[in-house]
Amino acid sequence: MTRLPLLLPLSARAAAPRPATHTLPPARRLAAAAAGGEEALKMSEETREYPCPVSPPYPAASKDVELRRALTASARSGAYSSAAVVFEDEWLDVVDKPSGVYCDALLSALPCSAAASGEAATKPNLHLANRLDRDTSGLMVITKQNKVAGKLVKAFTEHKVQKTYIALCIGYPPTWEKIKICSGHGRSKHGAWRVYAMSDVGRTLPGGSVVRDMSTTFEVLGINSKGQFREPSTLDTDEIESITVQEKSADLTSNNNVENSMILVRAYPQSGRTHQIRLHCQYLGFPIRGDVKYGGVIEWKGVDCDGHALHAESLSFEHPVTGLPVTFRSPLPSWANEFISTMR
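All of the points below concern the structure found in this document. (Residues numbered from 1 in each chain as written. Predicted model: local features only at pLDDT ≥ 70, side-chain atom pairs only at ≥ 80, totals over all residues. Heavy atoms only, no water.)

1. Considering the pairing of strand S8 (residues 212-223)
Moving on, step 1. In terms of residue burial, S8 counts as a mostly covered element, since nine of its 12 residues are buried.
Moving on, step 2. Looking at chain direction, strand S6 (residues 178-187) and S8 are connected through eight bridges and run antiparallel. Paired with Lys180 across the strands is Thr217, a residue of S8.
Moving on, step 3. Pairing analysis gives seven bridges linking S8 to strand S11 (residues 261-269), with the strands arranged antiparallel. Counted as the bridge partner of Gly222 is Leu264 from S11.
Moving on, step 4. Relative to strand S9 (residues 226-227), S8 is paired through two bridges, and the arrangement is antiparallel. Across the sheet, the residue bridging to Ile223 is Lys226, located in S9. (Buried < 20%, exposed > 50% of the residue type's maximum accessible area, 1.4 Å probe, protein only. Helix = DSSP H or I, 4+ residues; strand = E, 2+ residues; numbered from the N terminus. Pairing = 2+ DSSP bridges.)

This is how it looks when you write it as structure tokens:
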């Protein structure tokens, strides 16, 4: 296992005082509340010791950028009328979602199923089996029956669906070709998704949620136009170097040319946490291009980024009705093809 060093010297970390814990036991909390001790309970919660995230908060500039992108996506979603269907049968559809469109827009954009008797076309009972972030493009599965939806949602929840993503990142080039990163995941007291140490998994966060585990395997496909694109493969994670996050990420310092390297990576998420790949790319020192929430550049080569460069490339799972193994691939987006065309 590899542990990344602290951002602060160990001496500074050791000197930093730890807040005291004064959380009341459940029985005393109830007694205090019954006696009108709401203020005492509030003080108890304020002084409670919560896990500290190891990734930075959202940059201040991200608020305005995200608001502008959200308004644009709402307009696009309202006008979205024709979903790109990759696969269709009587139980489910696999569609290719464009960037900058909300997931729910796909439900109304699917073609109606015409009844065999010649009756008016009707919409089946559609459900989203998985979701993608607003600016993430790629494969989504839409089921047409409740029982099929239940089976497929359970498969996603239990991590029985194999997924790959392609991301174009700007940052420090990794020295490894493949790596697996394991960390905690949760919301900070400000409501932002953050990376936490693995040792914090299971601990309570503000609001009552808990830190959950997440793991992602990455492989580098190209750095600054050098490399060779290859198809997704079955990775033996036991033979891949692993990072278990316990501390803050390394304080990377280098010259500007290295810092602004273009890196094309493929991600194999073993869990399905919110913003998982985006968070792990940020932690590893190469945030996704345009991902302003997690340290990505807002402008690149004189052009404003209207979204982040992340694409859901493939899905593999057992068909919920036939039981047969199925694999679906999505055409790569233009930004990926442009990068790959320069690789040598």
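2. Observations regarding the nonpolar core
Moving on, step 1. Counting 55 residues, the largest nonpolar core has Cys169, Phe218, Leu264, Val265 and Phe286 as its most contacted members.
Moving on, step 2. Considering every element that reaches this core, the biggest residue donor is strand S5 (residues 162-171), with six residues.
Moving on, step 3. Residues Leu92, Ala129, Leu139 and Leu315 belong to the second largest nonpolar core, which totals 13 residues. (Core = buried A, V, L, I, M, F, W, Y, C linked by side-chain atoms within 4.5 Å.)

3. Some remarks on helix H9 (residues 334-342)
Moving on, step 1. Among the residues of H9, those classed as buried are Trp335, Ala336 and Phe339. One side of H9 carries all its buried residues, which in axial view fall inside an arc of 100 degrees. Turned more than 90 degrees off the buried face of H9, the exposed positions are Ser334, Glu338 and Ser341.
Moving on, step 2. For H9, the secondary structure elements touched by its buried residues are S5, S8, S11 and strand S14 (310-318). (Arc of directions from axis to C-beta. Contact = heavy atoms within 4.5 Å.)

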